[in-house]
Amino acid sequence: MKKKNPAVDAYFSKLKNWQKELTELRKILLNCPLTEELKWRNPCYTFQKSNVIITGCFKDCCSLSFFKGVLLKDPRKILSKPGENTRAGRLVRFTSLQEIIDLKPTLQDYITEAIELEHAGSKVDLKQEAELDVPDELQQKLKANAALKKAFAALTPGRQRAYLLHFSAARQSKTRVARIEKYTQQILDGKGLNDCTCGLSHKLPRCDGSHKSLR
């Protein structure tokens with residue numbers, strides 16, 4: 001079994017929900033050739049310094065997430081997208097300890113495959129999908145505001161994509177304009193659509209709703 005990371009030990013000592021389930025997942029992961037770290041405030045497992053798997057704790061479930069899950073064969077059909085527009089990552093959700101125990105052999109196979117993919121240097125080809133169109137309203141805004149154009153270009157491709165999907169989803173032009181204006185300052189600040197803007201989130205840079213405590 002791989003050596004436990006003290007930072008992850010501290011994480012578990014403060015864990016209030018899903019402790020038994022995540023402890024079982026940790027045992028499975030530590031029996032694999034992975035290095036245990038704490039990233040984004042969650043236990044993360046790497047191979048040759050590359051992120052392979054991360055576990056998560058949510059209100060209604062806990063999860064085991066594969067960073068390149070889209071490349072896994074998934075014969076048992078247990079993987080799902082974390083979000084509708086997620087391209088690379090895939091996760092398995094659990095609501096009981098018994099689910100993890102029953103799936104242990106399958107999880108070990110999936111983890112082994114994920115490590116082999118990383119060892120082989122396999123990459124997720126994000127260019128396979130067609131480029132998203134930039135709404136006319138945003139193009140006009142970027143033309144008129146050089147600072148905004150520079151800030152938008154500096155965002156990661158994932159953050160750009162999230163904004164484009166959000167702006168384009170509006171059917172009416174006035175709604176698209178309103179959405180762009182709403183998030184202009186957030187873009188100028190280098191934040192993504194779902195990034196924390198209050199600094200209270202426990203899952204930085206993502207927003208976990210901690211801002212609601214200010215109300």
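Shown above is the structure to which this text applies.
Per chain, residue numbering runs from 1 following the sequence as it is written. Given that the model is predicted, a residue must reach a pLDDT of at least 70 before its local features are reported, and side-chain atom pairs must reach 80 or more before they are shown or counted; all residues, however, enter totals for whole chains, interfaces and linings. As a rule here, side-chain values come from all non-hydrogen atoms in the structure, and water together with hydrogens is ignored.

### Points about the overall build of the protein
Each helix and strand in the protein was counted, giving seven helices and five strands. Secondary structure of the protein in N-to-C order comes out as α-α-β-β-β-β-β-α-α-α-α-α. Counting only contacts in the protein whose residues sit at least 6 apart along the sequence, the fraction spanning at least 24 positions is 54%. Per element, the accessible surface of the protein, about 13200 Å² overall, is 50% carbon and sulfur. Taken as two groups, the 39 positive and 24 negative side-chain charges of the protein have centres that lie 5 Å from each other. Secondary structure follows DSSP: runs of H or I at least 4 residues long count as helices, runs of E at least 2 residues long count as strands, and numbering of each begins at the N terminus. When checking whether two residues touch, look at their non-hydrogen atoms; a contact exists if any pair is within 4.5 Å. The method behind every accessible area is Shrake-Rupley, applied with a 1.4 Å probe, and residues are considered shielded solely by the protein chains displayed. Counted as positive: Lys and Arg. Counted as negative: Asp and Glu. His and the chain ends are not counted at all. Every charge is mapped to an atom, namely NZ of Lys, CZ of Arg, CG of Asp or CD of Glu.

### Observations concerning the environment of Arg90
Mapped onto the fold, Arg90 is located in strand S5 (residues 90–94). Separated by 20 residues in sequence, Arg90 and Val70 place their C-alpha atoms 6.2 Å apart. Dropping the residues within four chain positions of it, Arg90 is found in contact with Leu64, Ser65, Phe66, Gly69, Val70, Leu79, Ser80, Lys81 and Pro82.

### Some remarks on the pairing of strand S2 (residues 42–47)
Categorising residues by exposure relies on relative accessible area from a 1.4 Å probe, with only protein chains included: less than 20% of the type maximum marks a residue as buried, more than 50% marks it as exposed, and the intermediate range marks it as partly exposed. The buried fraction of S2 is high, at six of six residues. Here S2 shows two buried faces, one formed by Asn42, Cys44 and Thr46 and the other by Pro43, Tyr45 and Phe47. Here, strands pair whenever DSSP counts at least two bridges between them. In this sheet, S2 lies alongside strand S1 (residues 35–39) in antiparallel orientation, the contact comprising five bridges. For Lys39, the partnering residue across the bridge sits in S2 and is Asn42. Pairing of S2 with strand S3 (residues 50–57), which is carried by four bridges, proceeds in the antiparallel orientation. Looking at the pairing, Phe47 lines up with Ser50 of S3. Two successive antiparallel strands, S2 and S3, enclose a turn made up of two residues, where Gln48 displays a positive phi of approximately 50°.

### Observations regarding unusual backbone geometry
In the Ramachandran plot, Trp40 falls in the positive-phi region, its phi being about 55° despite a non-glycine side chain. Topologically, Trp40 is positioned in the loop between S1 and S2. With relative accessibility at 42%, the residue Trp40 sits in the partly exposed group. Phi at Lys49 takes a positive value of approximately 70°, unusual for a residue other than glycine. With respect to the element layout, Lys49 can be found in the loop between S2 and S3. Take Lys49: its relative accessible area is 78%, and that puts it in the exposed class.

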